[in-house]
Amino acid sequence: MRIIKQILKTITKYRLSSTLSLISLVVGFLGIIVLTLYVSFESSYDNFHHKRDDIYLMSFQFDGGSFVPIPMSEEIRKEIPEVVNGVICWFSNNSLFYKPDQSRKDAVEALAMDASSEFFTVFDFPLLIGAAETVLAEPNTVVISETLAQKIFQTIDVVGEQLVIDGDYFIISGIMKDMPRNTFLYIDALIAFDKSNYIDNWSEWSFTVFFQLQQGIDKKLIDKKIEELSGFQEILESLNEFYESDKGAIGVNMIPLNKLHYYSRGYNDDFINKHVLDILTVLIAMLLIMSAVNFINFSTSQAPLRAKTLSIQQIVGEKKWKVRAQIMGEAIVLSLIALGLAIAIHHLVFQKIENLFQIRGLSFQGRESYIGLFAVSAILFAVIASVYPARYITSAPISQAVKGKMLFSAKGKRFRSILITVQFVFTIAILATSVIIEKQLRFWNNFDLGLDKENVLYLPLSSALRESYQAFSGEILKNPQVTDFSCTQFLPGHVAMGWGRKVDNQTIHLKSWPVDDRFIEFFDLKITQGRSFYAGKSDINNFILNEKAVQQFQWQNPLEKRLPSFGVEGDIIGIVKDFHFESLKEPIEPMLFWLTDDIDRMDYMLIKIQPGNISLVKSNIEKTALKFDPEGTFNVRFLDDVLEKLYGKETRLARFIEFVALWTILLALTGLLGLVVFISRDKVKEIGIRKVNGASVSEVVWLLNKEVFVWLGVAFVIATPIAYYAMSRWLENFAYKTALNWWIFALSGLISLLVALLTVSWQSWRAAKRNPVEALRYE
């Protein structure tokens, strides 16, 4: 108890140092808590499955290669005994759920997915009602989450009840517990998938297949076995030819379940770039080191004041190790107080941070053990960070310390200079990283996609609107601000249909985009060969390819080719200039535009308008839709919003990293301020003598500030190659990327210099304005 009182008394006595240390620790610990919780959440995706190490997504070694036909899945399960189970999934968009006695106005919107009967036996998603082996065994059945059941029926006791999903009727066969947010497969409802319609269809490459392997089996062995199956030889050969690869360069490369969160291509909107997590992990280490640096600097800045008191304690019989233990005890108390304040602040602000950056995983809920982990870490941090100050403060000879004449070693001062230089290395590197990420986002947003997307709205079409398509579109065009329209199954950035076709003994693979006869002109796409679709019925089931398809298929006369569709063959009537129909993170893929009169494939209407009163136009379109479908709920949106969402995760994380960068700068500046206070105290006598001999205020300010230039210069030289290498690796993930210009790093260094000078100059100015007589008398 006496020791604790002594520790608290010392903390109170040296209020300036203690306050600055506390503020610095709170800032550092709060940043560490937020980043640790976020990184641990993003790294935990699908780790809760007991068989996670044995579950893999079927995938080929080429872009978009994780969609496969059903016969491929069946052959693998039949021919390879190490594959013990498999799940077929067919991802879909938000669906409307409502009871048979309700209208679509009462519908609840939720995420749905078709899945084969093995789903609940392979994955560990608990069922509240129903048996895992049979709950998806019957066609036209559905399993819904407990939350969705409560929303629709106000109870979960609804097995056997009928449910309407997007106009189709299903029987509820089970209730599952709400899926955790940290899963690649997050969904609200699972519809029983009937694979019998696709069991012999090798041309429909639209399915996601998961395989469960025997425990401990090396997945590379299975990859090789799949490649050696007779039915796959032609496919692999065609893929190598298709992607212009050397023989054998393209093969099977199954992806582990718990790694899928790091893949974005084609089947995952809720992904995160692994390099971003690596950057955030480095930031945690940076904040920890910077907090330690600040603590050391603030502690040692009080050495001249504390040494005398501690020396007197030793004179009256206190052992040196006990004196040093007291300093460590003070550090532990201060660290735990700072941690407590940081956790309290985190509790108040974490939801605001999640909402601001649209991220998840910052809550302690379900992870209360992290509080104990942070407490242990805080104690270890304090012990390690206080070792050097404890030795340094007690290093002066007692005979000098009791007289107030302490001469601390030059090595200690050099060490503190190294520490502050390390902080500037971190600051410059994180600033450069933030600028490069922002530059890449601007590059994407300003990139010419090759299609006219200005002033384009889109409206999801209900079944009633599709059936009255002609009349509805005619009514829309009566609005003088509407200049054009087109209907399509997919929006740009979300083309989810893959085709595998055989043309003149050549197997090809490409994306397929069902459109109407107005689509090409609507987006002002450039025809480089042939022609566009004729209006009317004459071109139904004909196709237009992009240049990339012609190039990769190596067709000399593409307009002479015919492509099989669903039961019919169609002509290739034109070639369109390449444009970016997917995210700029990926290269342009082969694409065909399929003119179809199947109204069930017309999911969206695109509407081009003149600039003006946008809100009024949107309102008129929604009112017109309600005339044709009174039970519908309609929300007209901008196509730009869809395209921007392609980079939504990167944008949110960029803002988050920029926020952390500012946090890091704040931490560095508090440390710099403490060091300048130390330097100005250390040079009190020198400043007084210089002023007596005629030194001006500016000369004294330069005396105190010049070291900042040295620290920043060294830090710049170290930080620039580190930041350049890290961001080069990050940019390698994207097909279209910005340049790493020299001015990015120069700007980061300049900003660091200006902010540092603004921070230290006021303290330097105060020291320079002090009366020299008072300073010399004090000394």
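Residues numbered from 1 in each chain as written. Predicted model: local features only at pLDDT ≥ 70, side-chain atom pairs only at ≥ 80, totals over all residues. Heavy atoms only, no water.

A.B. asks: Explain the overall build of the protein to me, using residue names and the numbers behind them.
C.D. replies: Across its full length, the protein carries 24 helices and 21 strands. Counting only residues that meet the buried cut, the protein has 54% of its 779 residues in that class. Excluding contacts between residues fewer than 6 apart, the proportion of contacts in the protein whose partners are at least 24 apart in sequence is 80%. Roughly 35,000 Å² of accessible area belongs to the protein as shown, and the carbon and sulfur atoms make up 55% of that amount. (Helix = DSSP H or I, 4+ residues; strand = E, 2+ residues; numbered from the N terminus. Buried < 20%, exposed > 50% of the residue type's maximum accessible area, 1.4 Å probe, protein only. Contact = heavy atoms within 4.5 Å. Areas by Shrake-Rupley, 256 points an atom, 1.4 Å probe, with all protein chains shown as cover.)

A.B. asks: So what's going on with a nonpolar patch on the surface? Residues and values would help.
C.D. replies: A cluster of nonpolar side chains, namely L336, V376, I379, L380, V383, I384 and V387, defines an oily patch on the protein surface of about 570 Å² accessible area. It is helix α11 (residues 369-393) that provides the largest number of residues to the nonpolar patch, a total of 6 residues. Along the chain, the position of V387 falls in helix α11. (Patch = residues over 30% accessible without salt bridge, like charges linked within 9 Å, V, L, I, M, F, W, Y side chains within 5 Å. Salt bridge = Lys/Arg side-chain N within 4 Å of Asp/Glu carboxyl O.)

A.B. asks: Before we move on, can you summarise the side chain of T624 with the specific residues and values?
C.D. replies: Within the secondary structure layout, T624 lies in helix α18 (residues 614-628). You can call T624 buried: its relative accessible area is 11%. Of the polar contacts made by the side chain of T624, one reaches the backbone oxygen of N620; its length is 2.8 Å. The contacts of T624, once residues within four sequence positions are left out, are F472, E475 and I476. (Polar contact = N/O pair within 3.5 Å; in protein donor to acceptor, adjacent residues only side chain to side chain.)

A.B. asks: Break down the packing of aromatic side chains for me, with residues and values.
C.D. replies: What the rule picks out here adds up to 30 aromatic pairs. Here F553 and W555 contribute two aromatic rings whose centre-to-centre distance is 5.0 Å and whose plane-to-plane angle is 55 degrees, an arrangement assigned as tilted. Neither residue differs from the other here; F553 and W555 are each classed as buried. Each residue in the set F48, F119, F120, F123, F125, F184 and F210 is aromatic and connected to the rest through ring pairs, giving one cluster. The ring of Y186 is capped by R181, whose NZ or CZ atom sits 3.9 Å from the centre of that ring. (Phe/Tyr/Trp six-rings, centres within 6.5 Å; stacked < 30°, edge-to-face > 60°. Lys NZ or Arg CZ within 6 Å of the ring centre and 35° of its normal.)

A.B. asks: So what's going on with the nonpolar core? Residues and values would help.
C.D. replies: By size, the foremost hydrophobic cluster in this structure holds 132 residues, and its most contacted members are W513, L545 and F593. For this core, the leading source of residues is helix α13 (residues 410-446), giving 14 residues. Those residues in contact with F593, other than ones at most four positions away along the chain, are W513, V515, F519, I520, F533, N542, F543, I544, V576 and F579. Judged by nonpolar contacts, the second largest core, of 25 residues, contains M113, F184, L185 and F210. (Core = buried A, V, L, I, M, F, W, Y, C linked by side-chain atoms within 4.5 Å.)

A.B. asks: So what's going on with the confidence of the model for the protein? Which residues, and what values?
C.D. replies: The share of residues in the protein with pLDDT of 70 or more is 81%, and the mean pLDDT across the chain is 81. Here residues 244-248 is a poorly scored stretch, pLDDT under 50, and it has 8 contacts once near neighbours within four places are set aside; other chains count. (pLDDT = per-residue confidence, 0-100.)

A.B. asks: Any details on the packing of helix α15 (residues 469-477) against α18? Residues and values, ideally.
C.D. replies: Look at α15 against α18: their axes get within 10 Å of each other, and the N-to-C directions meet at 150 degrees. Taken together, α15 and α18 sit at an angle that is classed as roughly antiparallel. Considering how the two elements wind past one another, α15 and α18 form a crossing that is right-handed. Together, A471, F472, E475 and I476 of α15 and I621, T624, A625 and F628 of α18 make up the contact between the two elements. Looking at side-chain class alone, the contact of α15 with α18 contains 6 nonpolar, 1 polar and 1 charged residues. (Axes fitted to C-alpha atoms, helices over the stretch in contact; angles between N-to-C directions. Parallel < 35°, antiparallel > 145°, perpendicular 65-115°, else oblique. Left-handed = near helix turned anticlockwise from the far one by under 90°. Nonpolar A, V, L, I, M, F, W, Y, C, P; charged D, E, K, R; others polar.)

A.B. asks: Run through the environment of E589, naming residues and quoting values.
C.D. replies: For E589, the location among the structural elements is in the loop between β18 (569-576) and β19 (591-595). In this structure E589 comes out as buried when scored by relative accessible area, which is 9%. Between the C-alpha atom of E589 and that of K548, which follows or precedes it by 41 residues, the distance is 6.4 Å.

A.B. asks: Go over the pattern of salt bridges with me, naming the residues and quoting the values.
C.D. replies: Under the defined criterion, the tally for this structure stands at 19 salt bridges. Here K219 and D223 are joined by a salt bridge, their closest N and O atoms 2.9 Å apart. Of this pair, K219 and D223 are both found in helix α6 (residues 219-228), 4 residues apart, which corresponds to roughly one turn of the helix. Here D223 falls in the buried class, since its relative accessible area comes to 5%.

A.B. asks: Account for empty space enclosed by the protein, naming residues and giving values.
C.D. replies: Using a probe with the size of a water molecule, rolled over the atoms, empty space left in the structure can be pinpointed. Counted by the stated rule, this structure contains 5 cavities of 30 Å³ or more. Estimates place the volume of the second largest cavity at around 80 Å³. In this structure, the second largest cavity is lined by F271, N273, V276, I437, K649, E650, L653, A654, I657 and W730. The greatest single-element share of the lining of the second largest cavity, amounting to 5 residues, is contributed by helix α20 (residues 648-682). (1 Å grid on protein atoms, 1.4 Å probe; cavity = no way out; pocket = protein on both sides within 12 Å on 5 of 7 lines; lining within 4 Å. Points joined across faces, edges and corners; volume = space filled by probe spheres on them.)

A.B. asks: Explain α15 to me, using residue names and the numbers behind them.
C.D. replies: Every α-helix carries 3.6 residues per turn, so stepping three or four residues along brings you back to the same face. Residues of α15 that are buried include every one of Y469, F472, S473 and I476, and no others. Buried residues of α15 fall within an arc of 95 degrees about the axis and therefore sit on the same side. On its buried side, α15 packs onto β11 (456-460), α14 (463-467), β12 (482-488), β20 (604-609) and α18. (Arc of directions from axis to C-beta.)

A.B. asks: I'd like a description of the pairing of β20, backed by residues and values.
C.D. replies: Most of β20 is tucked away: 6 of the 6 residues are buried. Because side chains alternate across β20, one face comprises the buried residues Y604, L606 and K608, and the other comprises M605, I607 and I609, equally buried. Two elements, β11 and β20, share 5 bridges in a ladder whose sense is antiparallel. When the sheet's bridge partners are listed, V456 is paired in β20 with K608. Strand direction decides the pairing type here: β12 and β20, joined by 6 bridges, are antiparallel. Looking across to β20, one finds that V482 is bridged to I609. (Pairing = 2+ DSSP bridges.)

A.B. asks: Describe the pairing of strand β8 (residues 189-192), and please don't skip the residues or the numbers.
C.D. replies: Where burial is concerned, the two faces of β8 agree: the one with A189 and I191 and the one with L190 and A192 are both buried. Relative to β8, strand β3 (residues 108-115) runs parallel, the two being bridged by 4 bridges. Following the sheet pairing, A115 is matched in β8 by A192. Pairing between strand β5 (residues 141-145) and β8: 3 bridges, direction antiparallel. Bridging from a neighbouring strand, I144 pairs with A189 of β8.

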